[in-house]
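# Summary of the model geometry
Each chain, written out:
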Number of protein chains: 2
Amino acid sequence: MTEQPAPRAEGAAEAPGLSRAQRRLRSERRILEAARELFARQGFERTTIRAVAAAAGVDPALVMQHFGSKQGLFTQAVRVAVPESPAAQARDQEQVVDALLGSLGLKLDGLPASSLAMMRSMLTHPEAAAHAREVLEAQISGLAEATAGPEARARAALLMSITVGVAVCHQLLALDSLRGTPQDRLAALLRPALRALLDEDPG
Amino acid sequence: MTEQPAPRAEGAAEAPGLSRAQRRLRSERRILEAARELFARQGFERTTIRAVAAAAGVDPALVMQHFGSKQGLFTQAVRVAVPESPAAQARDQEQVVDALLGSLGLKLDGLPASSLAMMRSMLTHPEAAAHAREVLEAQISGLAEATAGPEARARAALLMSITVGVAVCHQLLALDSLRGTPQDRLAALLRPALRALLDEDPG
DNA sequence: GTCTATATCAGGATAGAC
DNA sequence: GTCTATCCTGATATAGAC
């Protein structure tokens, strides 16, 4: 901290007074941030290491140095705390609906780039697909426990499917018909539908 | 037809007695079929001309000859009769629900490879995304006309989003929790939810 | 009409200087 | 720790023989 670092590397020019470890961390963060954004926008295949490096303002080789491979970068970029089931500690069905709408509310606006990156590639990248399946099945399990009545798992799966569909159409496809409606209205319209799926119903 | 064709080209060995035009059409069909299947399974980027040619039993150069480029091949492969809105001529809301479930019933089982190919790439391939948006917005418009009450378009958009979500989770992600349930059960469970979205409801 | 051969290029990955 | 230079693979696309 107190020693005067000699400007060895060119890149150091922008970050005076930082230790190597600090600079390394800073680089990693910037790379990850740029990667998440590009992966989220273009998906895995169309995103190049070079583009990520450019966006992060670092050298392409540095990206490899830190993450080993493009796949490694992707894995790190989409790894997040596995989102708890939307109905983690819901006590009645109305709370389950609230939880679902809440998680969707998130998805309609402030969904983190890492999640978007995962979703963007989940249909075309095998590892992203596996990740998505894992997360979704976990959420379905949690939801099924909070769902009374017969065929709880199927209902839960359909509830998550609805969530996925709305998120995909709104966030990834950016359908005008969805974008043109404020999310609280969407939530209000969706609520009875979710409720109906949770209701016990003689199929 | 009556003339004895001399075996000029090697490929002709498999198809004796066919005119050039006929053989050309046959090749195109086989290529398109193989392309649809591969695009549907792997998406645009991971599908190679070589793989399509191999699957179709023809030479890679032939694919280029017929379709000009990989993009051209994709465009042809996903071009289908634009599916009419699920609620084309529904007279009451229950028929709209039926139409939706019907189109979803299709999606759960017999969705054509061309549609799957389009869906598989709609999140990562710009042209597929544009195509998907176009089709979906058209279906939303049709649906909105058949939907009474306020915010008809938003409701219609949500209905289509649900359809997309279920199709994606079932067909493309192959979620076990959905796969484990027969589609008529899924339809039965989904029905009240769709109904709820169509009901006029004081938001 | 179909195939062989190849031009051309993009992008991931590596080696090594500093 | 960061950058330069480069290798190498895989894939699209083309030219031309048959």
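This is a predicted model, so every value here is computed, not measured. (Residues numbered from 1 in each chain as written. Chains lettered and ligands numbered in written order. Predicted model: local features only at pLDDT ≥ 70, side-chain atom pairs only at ≥ 80, totals over all residues. Heavy atoms only, no water.)

## Topic: the overall build of chain A
Of the regular secondary structure elements, chain A holds 10 helices and 0 strands. Overall, chain A shows an N-to-C arrangement of helices and strands of α-α-α-α-α-α-α-α-α-α. Each of the 203 residues in chain A was classed as buried or not, and the buried ones make up 47%. Relative to all contacts within chain A whose residues are 6 or more apart in sequence, the contacts with residues 24 or more apart total 65%. Taken as a whole, chain A presents about 9,900 Å² of accessible surface, with 52% of it coming from carbon and sulfur. (Helix = DSSP H or I, 4+ residues; strand = E, 2+ residues; numbered from the N terminus. Buried < 20%, exposed > 50% of the residue type's maximum accessible area, 1.4 Å probe, protein only. Contact = heavy atoms within 4.5 Å. Areas by Shrake-Rupley, 256 points an atom, 1.4 Å probe, with all protein chains shown as cover.)

## Some points on the interface of chain B and chain A
Each partner contributes residues to the interface: chain B has 50 residues there, and chain A has 50 residues. Carbon and sulfur atoms make up 68% of the surface buried where chain B meets chain A, a total of about 4,300 Å² over both sides. For the interface between chain B and chain A, the tally reads 4 salt bridges. Run the count over chain B and chain A and you get 16 residue pairs in polar contact (both at pLDDT 80 or more). Of all elements in the fold, only helix 1 (20-46), helix 6 (113-121), helix 7 (126-145), helix 8 (152-172), helix 9 (176-179) and helix 10 (183-198) of chain B reach the threshold of two or more residues within the side of chain B that touches chain A. Among the residues forming the side of chain B that touches chain A, the class breakdown is 30 nonpolar, 9 polar and 11 charged. (Buried area = accessible area lost by both parts, 1.4 Å probe. Salt bridge = Lys/Arg side-chain N within 4 Å of Asp/Glu carboxyl O. Polar contact = N/O pair within 3.5 Å; in protein donor to acceptor, adjacent residues only side chain to side chain. Nonpolar A, V, L, I, M, F, W, Y, C, P; charged D, E, K, R; others polar.)

## With respect to the protein's contact with DNA strand D
Taken together, 16 residues lie around DNA strand D, and R20(A), D59(A), I49(B), R50(B) and K70(B) are the ones closest in. Mapped onto the surface near DNA strand D, the elements with two or more residues apiece are helix 1 (20-46) and helix 3 (60-67) of chain A together with helix 2 (49-56) of chain B. Here the surface near DNA strand D is composed, by residue class, of 5 nonpolar, 6 polar and 5 charged. (Near = heavy atom within 4 Å.)

## Brief notes about the packing of helix 8 of chain B against helix 10 of chain B
All names here are of chain B. The geometry of helix 8 relative to helix 10 is characterised by a closest axis approach of 10 Å and an angle of 160 degrees between their N-to-C directions. With respect to each other, helix 8 and helix 10 are oriented roughly antiparallel. Relative to helix 10, helix 8 is oriented so that their crossing is right-handed. Residue-level inspection shows R155, L158, L159, I162, V166 and H170 of helix 8 in contact with helix 10, the latter providing L186, L190, L194, L197 and L198. (Axes fitted to C-alpha atoms, helices over the stretch in contact; angles between N-to-C directions. Parallel < 35°, antiparallel > 145°, perpendicular 65-115°, else oblique. Left-handed = near helix turned anticlockwise from the far one by under 90°.)

## As for the domain arrangement of chain A
Residues and elements named next belong to chain A. Taken as a whole, chain A is organised into domain 1 (20-77) and domain 2 (86-198). On a C-alpha basis, the centres of domain 1 and domain 2 stand 29 Å from each other. In this assembly, domain 1 packs against domain 2 so that about 830 Å² is buried in total across both faces, 59% of it on carbon and sulfur atoms. Where domain 1 meets domain 2, there are 0 salt bridges. For the side of domain 1 that touches domain 2, the secondary structure elements donating two or more residues are helix 1 and helix 4 (70-78). In terms of residue count, the dominant contributor to the side of domain 1 that touches domain 2 is helix 1 (8 residues). Residue classes in the side of domain 1 that touches domain 2 are distributed as 5 nonpolar, 4 polar and 3 charged. (Domains from an automatic or database assignment.)

## Comments concerning the state of the cysteines
Here, the word disulfide means a covalent bond between the sulfur atoms of two cysteines. For the coordinates displayed, the defined rule picks out 0 disulfides over all chains. Looking at C169(A), it has no disulfide partner, and the nearest cysteine sulfur is the one in C169(B), 11 Å off. With relative accessibility at 0%, the residue C169(A) sits in the buried group. (Disulfide = S-S within 2.5 Å.)

## Quick look at the relation of the copies chain B and chain A
The transform that puts chain B on chain A rotates by 180 degrees and translates by 0.0 Å along the axis, for an RMSD of 0.0 Å. This pairing of chains is accounted for by a two-fold axis. Among all residues of chain B, the minimum C-alpha distance to the rotation axis is found for G165(B), at 1.6 Å. Counting the interface residues of chain B, we find that 100% of their copies in chain A are interface residues as well, pointing to one common contact surface. (Least-squares fit on C-alpha atoms with pLDDT ≥ 70 in both.)

## With respect to the nonpolar core
Ranked by internal contacts, the top residues of the largest apolar core, which has 130 residues, are L73(A), V168(A), L73(B) and V168(B). Not counting the four nearest positions on each side in its chain, L73(A) is found in contact with I31(A), L32(A), A35(A), F39(A), V52(A), V63(A) and F67(A). (Core = buried A, V, L, I, M, F, W, Y, C linked by side-chain atoms within 4.5 Å.)

## So, the protein's contact with DNA strand C
Contacts to DNA strand C come from 16 residues, most closely from I49(A), R50(A), K70(A), R20(B) and D59(B). Put simply, 74% of the atoms of DNA strand C that lie within 4 Å of the protein are in sugar or phosphate. Take K70(A): an N or O atom from its main chain is 2.9 Å from a phosphate oxygen of DNA strand C. Here R23(B) contributes a side-chain N or O atom positioned 3.4 Å from a phosphate oxygen of DNA strand C. Breaking the surface near DNA strand C down by element, the ones donating at least two residues are helix 2 (49-56) of chain A together with helix 1 and helix 3 (60-67) of chain B. Partitioning the surface near DNA strand C into residue classes produces 5 nonpolar, 6 polar and 5 charged.

## Some thoughts on the UniProt feature "DNA-binding region" (unreviewed entry) in chain A
The feature "DNA-binding region" (unreviewed entry), as annotated in UniProt, sits at residues 48-67 of chain A in this numbering. Along residues 48-67 of chain A the backbone is 80% helical and 0% strand, and the end-to-end C-alpha distance reaches 14 Å. (UniProt positions renumbered as here; feature names shortened; annotations may be inferred.)

## Points about the environment of A56(B)
All names here are of chain B. Mapped onto the elements of the fold, A56 is located in helix 2. C-alpha of A56 to C-alpha of P182: the two residues are 126 residues apart in sequence and 33 Å apart in space. Once residues lying within four places of it in the same chain are set aside, the contact partners of A56 are R30, I31 and A34.

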